[in-house]
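As a plain string of letters, each chain reads:
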Amino acid sequence: MIKDRGNIKWASMMLPEHFELLRECKQTDYVEQPRELTDWEFEELQQTIDQAINQQLDIKVNVWMDGKYTEWTGLIKSINFNTNELILETLFKTKRIPIQCIQSVNLEVDFYD
């Protein structure tokens, strides 16, 4: 059986520029594209955010930033309409989330209180 070592066998002939290009190619291959939201989903986002603000409930926000999905959990402190940002107070810090990057919002309901 032939043991192929992949790029390792070519490493002695590669220049640093080649390694940089290979790293860039690997990074762009794994970039996810944001999902387009429908009008129904926008309305549901708005209703969930309004409910979380009015009742001071924790929420879980799914955000698409820098080519990947990130999830934040916390309490909505306020919404800045001038900069279109949602200010979320998490356990460790306050996070400013651009509204156009929000993909989904879910209430964190604690049934054990």
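Residues numbered from 1 in each chain as written. Predicted model: local features only at pLDDT ≥ 70, side-chain atom pairs only at ≥ 80, totals over all residues. Heavy atoms only, no water.

Peer 1: Outline the pattern of salt bridges, supporting the account with residue identities and numerical values.
Peer 2: Counted under the stated rule, the structure contains four salt bridges. With its nearest N and O atoms 2.8 Å apart, the salt bridge here joins E85 to R96. You can see E85 sitting in strand β3 (residues 85-89) and its partner R96 sitting in strand β4 (residues 94-98), a full 11 residues away along the chain. The exposure class of E85 is buried, given its relative accessible area of 18%. In the salt-bridge network here, residues are joined through shared partners; they are K60, E71 and E108. (Salt bridge = Lys/Arg side-chain N within 4 Å of Asp/Glu carboxyl O. Helix = DSSP H or I, 4+ residues; strand = E, 2+ residues; numbered from the N terminus. Buried < 20%, exposed > 50% of the residue type's maximum accessible area, 1.4 Å probe, protein only.)

Peer 1: Give a detailed account of the pairing of β3, specifying residues and quantitative values.
Peer 2: With four of five residues buried, β3 is to be regarded as a mostly interior element. When strand β2 (residues 68-80) meets β3, the two strands line up antiparallel, connected through five bridges. Bridging from a neighbouring strand, N80 pairs with E85 of β3. Inspection of the sheet shows β3 paired to β4 by five bridges, in the antiparallel sense. (Pairing = 2+ DSSP bridges.)

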